[in-house]
Amino acid sequence: MIPSVLIGLPAQLRVLYDRDPSVFSPAGPRAARLATLGWTMVVVATIVFLFVLTVLLLPLWRRRNAPLVDGPAPPVNERAWVLYGGAAAPALVLAGIFILTLGAYRSAAPAGTTLTIEVIGHQWWWEIRYPDHLVQTANEIHIPVGRPVKILLRSVDVIHSFWVPNLAGKTDAIPGITNTSWLEADEPGTWRGTCAEYCGMQHAHMALSVVAQPEGEFARWVQNERATSAPPSDSATLDGEHVFLTSQCVYCHTVRGTQATGTIGPDLTHLASRLTLASGTLPNTRGNLAGWIENPDRIKPGTKMPAVPLDAAQLQAIITYLESLK
Ligand code: CUA
């Protein structure tokens, strides 16, 4: 059992995830290969270190136990030490690790992979699309357990890097290029991923969740996500919808089934069903949602989401509406 990795997450966020996002805690075959590679490197490096230490200390020990004699020191084949110890041995060890690494890092999805997810990096959130299912969401990927999933990575602004330590290694999302990666989970669970390439002020607050679930649950999730939002069923929610649709929110956000069709920010059609807000920064609760809308810059300084001028009643109304978007 690997000791818990300190990841600096607030406790209320940590409880959302099944395990620490650690390379040494794999939850799928691709990550398992990387964990094996990691351990192999730890063992090889330890052996090399102990060997060098021995070569270094052995003469000292010998000298201490040898009788004192006058005259020149016995000859040492310096050239052989440099050639074999300094060049050949390191080259051999590094070449071996290089070949193992190439195998572990293969980014092509296994043959027969049928599910494709597009992941698009934005400063500072992840747009998620399932092109075959007409699903569009943000900062949360759902995958069926035991099935490989192909990931197509793009970016609309700067270079980001997609990394879900329990499931796969890092792959960059580069503007103008589509990179591929793949994921597979062996067990149901919720795993935390993150942006692994410095991309500006809020790089550290650009996380995502991967929810691995049994096939039936996954199918129900897809069915719910592809539906448009349910129309308000009571007067408070209806009021909230009115405030939302007449606010600046609609210039950036889409709620499918309404006149809100902005594409700058995340699609909010099923916002209430997501685990977190602001790209893995806050658990998705009513209080956090209020704090985020009221002053986004306080939670993520530099965020492109502006504070919308709303009075207390309007803010409550909008939150009631957004909480209804299950
Ligand atoms: Cu996106 Cu760092």
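Keep in mind the model is a prediction, meaning the values are calculated, not measured.

Each value, and the rule that gives it
- Residues numbered from 1 in each chain as written.
- Predicted model: local features only at pLDDT ≥ 70, side-chain atom pairs only at ≥ 80, totals over all residues.
- Heavy atoms only, no water.
- Pairing = 2+ DSSP bridges.
- Helix = DSSP H or I, 4+ residues; strand = E, 2+ residues; numbered from the N terminus.
- Axes fitted to C-alpha atoms, helices over the stretch in contact; angles between N-to-C directions.
- Contact = heavy atoms within 4.5 Å.
- Patch = residues over 30% accessible without salt bridge, like charges linked within 9 Å, V, L, I, M, F, W, Y side chains within 5 Å.
- Areas by Shrake-Rupley, 256 points an atom, 1.4 Å probe, with all protein chains shown as cover.
- Salt bridge = Lys/Arg side-chain N within 4 Å of Asp/Glu carboxyl O.
- Expected span 1.5 Å × (residues − 1).
- Buried < 20%, exposed > 50% of the residue type's maximum accessible area, 1.4 Å probe, protein only.
- Arc of directions from axis to C-beta.
- Parallel < 35°, antiparallel > 145°, perpendicular 65-115°, else oblique.
- Nonpolar A, V, L, I, M, F, W, Y, C, P; charged D, E, K, R; others polar.

Q: Sorry if this is basic, but what is going on with the sheet that holds strand β9 (residues 189-195) here?
A: Paired through their backbone hydrogen bonds, the strands of a sheet run either parallel or antiparallel. Read from one edge to the other, the open sheet built from five strands follows the order β4-β10-β9-β6-β7, with strand pairing classed as mixed. Each having just a single partner strand, β4 (140-144) and β7 (168-173) make up the two edges of the open sheet. Neighbouring strand axes in the sheet, compared pairwise and without regard to direction, differ in orientation by 20 degrees on average. Packing against the sheet, helix α4 (residues 215-226) makes contact with β4 and β10 (207-213), and its axis sits at approximately 140 degrees to β4.

Q: Would you explain the sheet that holds strand β1 (residues 115-122) in this entry?
A: As summarised here, the arrangement of the five strands in space is β3-β2-β1-β5-β8, forming an open sheet in which the pairing is mixed. In this open sheet, the two strands that pair with only one neighbour each are β3 (135-138) and β8 (179-183). Neighbour-to-neighbour, the strand axes of this sheet turn through a mean angle of 25 degrees, independent of strand direction. Examined bridge by bridge, β1 and strand β2 (residues 125-130) share five bridges and lie antiparallel to one another. The residue bridging Val119 from the neighbouring strand is Ile128, located in β2. Contacting β1, β2 and β3, α4 crosses the sheet at an angle of about 90 degrees to β3.

Q: So what exactly am I meant to see when it comes to a nonpolar patch on the surface here?
A: Taken together, the side chains of Val48, Phe51, Val52, Val55, Val76, Trp81 and Val93 define a hydrophobic patch exposed on the protein surface, amounting to about 620 Å² of accessible area. Going through the elements one at a time, α2 (29-65) and α3 (78-105) are the ones with two or more residues in the nonpolar patch. Top element by residues in the nonpolar patch is α2. It accounts for four residues. Here Val55 shows up in helix α2.

Q: Explain α4 to me, please; I cannot follow it from the model alone.
A: The α-helix winds at 3.6 residues per turn, so residues separated by three or four positions along the chain end up facing the same way. An ideal rise of 1.5 Å per residue puts 16 Å on twelve residues; α4 measures up with 16 Å between its terminal C-alpha atoms. Within the sequence span of α4, burial applies to Phe218, Trp221, Val222 and Glu225. Viewed along the axis of α4, the buried residues span an arc of 100 degrees, placing them on a single side of the element. α4 presents Arg220 and Gln223 as exposed residues on the side facing more than 90 degrees away from its buried surface. Those residues of α4 that are buried are in contact with β1, β2, β3, β4 and β10.

Q: Where do I start with the pairing of strand β6 (residues 160-164) in this structure?
A: Note on strand geometry: in a regular strand, side chains alternate between the two faces of the sheet. For β6, the tally of buried residues reaches four of five residues, placing the bulk of the element in the interior. Note that β6 and β7 share four bridges and pair antiparallel. Bridging from a neighbouring strand, His160 pairs with Ala173 of β7. Between β6 and β7, which pair antiparallel and follow one another directly, the connecting turn spans three residues. Alignment of β6 against β9, held across two bridges, turns out to be antiparallel. For Phe162, the partnering residue across the bridge sits in β9 and is Cys195.

Q: What am I meant to see in the packing of helix α5 (residues 235-245) against helix α9 (residues 312-323) here?
A: Helix-helix packing is characterised by the crossing angle of the two axes and by the distance between the axes. Two elements in contact, α5 and α9, have axes separated by 7 Å at closest approach and are oriented at 105 degrees. As judged from the angle between their axes, α5 and α9 are roughly perpendicular. Across from Ala236, Thr237, Gly240, Glu241, Val243 and Phe244 in α5, the residues of α9 making contact are Gln314, Ala317, Ile318, Thr320, Tyr321 and Leu322. The residue inventory of the contact of α5 with α9, partitioned by class, reads seven nonpolar, four polar and one charged.

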